[in-house]
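# Reading the structure
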Amino acid sequence: MYEPRPEHKFTFGLWTVGNVGRDPFGDAVRERLDPVYVVHKLAELGVYGVNLHDEDLIPRGTPPAERDRIVHRFKKALEETGLKVPMVTANLFSDPAFKDGALTSPDPWVRAYALRKSLETMDLGAELGAEIYVVWPGREGAEVEATGKVRKVWGWMREALDFMAAYAEDQGYPYRFALEPKPNEPRGDIYFATVGSFLAFIQTLARPERFGLNPEFAHETMSGLNFVHAVAQVLEAGKLFHIDLNDQRMNRFDQDLRFGSENLKAAFFLVDLLEHSGYEGPRHFDAHALRTEDEEGVWAFAKGCMRTYLILKERAQAFREDPEVRDLLAAYYREDPEAVAYLGPYSRERAEALKRAEFPLEAMRKRGYDLERLDQLVVEYLLGVRG
Ligand code: GCO
Ligand code: MN
Ligand code: MN
């Protein structure tokens, strides 16, 4: 029942299960895994697809003939296993050239280089059948405010994204671009800090329909924001193009923890939301095994992400079907037709009626919403003692 299958659309990045456990203080603790080996391992686990940065597959500086050999070998592994590559993204953060930004560097050579790298990644993704292109502006930020760069970055970013979308159109690529906000790290502050920031920015682009969001659990949580609310707004806007699932404690560096390992209640409501939203895209785990783990720990981590997701899906469904929950919710949303008649689109008559209305103020002020009981039921489902 909690066994992952391709139709669950679980995906991992080469950089997630392939994470070697380096941190700012310590060296790698695991060896780099061959991408072909990763494809076979993920397929064994019932995963749907594998995502990648250009450099996860093709190390920087690889000569063209070698590049083609790597791609050929990788495609063969995809064919053998049936694994898909739903998403690709350019690494615009590792190269020292990107130290003060990539698409928003003050140096036009750097901006042009980042743009070229993005186009090449789109070519690579097209070869692999990818239809989602993620843009994570990890280096598009600052520590020093005195440059006034904050007045220019929006224009540079717009120009780059418009260029990329026009290139996709020109090449006949099906890409939908998924923009991924993050408040900080690796920069002191990143310009596109939250879901709301990118949602608004998209409306200023030449082809807004090509652009959506790739929200990440850890990133909104780092900002102290409610990830479930952020995703709900993205869904409502029709802009959930991709999602990065992981876990995170508030006010820390980006921890990329195993899905559901820290904020179980938020994970529960996220799965509840996603599974009832009609979202059919990948459930991507942008997380990695703890630095304490060897390779076996990595696969335990990957299995854990998927298993927790499926358990939460079952728990959420049972919760929604519980008659007591249903009764509580029916009472919560009960609608008095007399009150409803005052609401709706504006008309002069309705405004006048509203001004004449007599409100049952006493009852409105005294009403209890029964949320303690409802929330306790959530806890009991999560603890497995009910349903
Ligand atoms: C991070 C980001 C990245 C991106 C990835 C794809 O904080 O490290 O979440 O993992 O998701 O680079 O663009
Ligand atoms: Mn992250
Ligand atoms: Mn991410």
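These numbers come from a predicted model, not from an experiment.

### Considerations on the pairing of strand β6 (residues 176-179)
- Two strands pair when backbone bridges link them, and strand β4 (residues 132-135) and β6 are joined in this way by 4 bridges, in the parallel orientation. Looking across to β6, one finds that Tyr133 is bridged to Phe177.
- One ladder, built from 3 bridges, connects β6 with strand β8 (residues 211-213); its direction is parallel. Within β8, the position partnered with Ala178 by the bridge is Gly212.

### Focus on the site of ligand 1
- His53, Glu180, Lys182, Glu216 and Asp254 are the nearest of the 13 residues found near ligand 1.
- Between Glu180 and ligand 1, the recorded distance is 2.7 Å, taken from a side-chain N or O atom to an oxygen atom.
- When isolated, ligand 1 has an accessible area of 340 Å², and the protein chains bury 91% of it.
- Here ligand 1 is seated within the largest pocket.
- Here the shell around ligand 1 is composed, by residue class, of 4 nonpolar, 3 polar and 6 charged.

### A few points about the packing of aromatic side chains
- Here the structure, examined in full by the defined rule, presents 24 aromatic pairs.
- Centroid distance Tyr167 to Tyr173: 6.0 Å. Interplanar angle 80°. Geometry classified as edge-to-face.
- Between Tyr173 and Tyr175, the aromatic rings sit 5.8 Å apart at their centres with planes inclined by 85°, giving edge-to-face as the arrangement. Here the two residues Tyr173 and Tyr175 agree in accessibility, since each one is buried.
- Within the aromatic cluster, the residues linked to one another by ring pairs are Phe10, Phe12, Phe259, Phe285, Phe301 and Tyr309.
- Here Lys9 stacks its cationic end above the ring of Tyr48, 5.5 Å away from the centre of that ring.
- Just above the ring of Phe241 sits the side chain of Arg176; from NZ or CZ to the centre is 3.9 Å.

Parameters at a glance
Residues numbered from 1 in each chain as written. Chains lettered and ligands numbered in written order. Predicted model: local features only at pLDDT ≥ 70, side-chain atom pairs only at ≥ 80, totals over all residues. Heavy atoms only, no water. Pairing = 2+ DSSP bridges. Helix = DSSP H or I, 4+ residues; strand = E, 2+ residues; numbered from the N terminus. Near = heavy atom within 4 Å. Polar contact = N/O pair within 3.5 Å; in protein donor to acceptor, adjacent residues only side chain to side chain. Areas by Shrake-Rupley, 256 points an atom, 1.4 Å probe, with all protein chains shown as cover. 1 Å grid on protein atoms, 1.4 Å probe; cavity = no way out; pocket = protein on both sides within 12 Å on 5 of 7 lines; lining within 4 Å. Sits in = over half its atoms within 2 Å of the grid points. Nonpolar A, V, L, I, M, F, W, Y, C, P; charged D, E, K, R; others polar. Phe/Tyr/Trp six-rings, centres within 6.5 Å; stacked < 30°, edge-to-face > 60°. Buried < 20%, exposed > 50% of the residue type's maximum accessible area, 1.4 Å probe, protein only. Lys NZ or Arg CZ within 6 Å of the ring centre and 35° of its normal.

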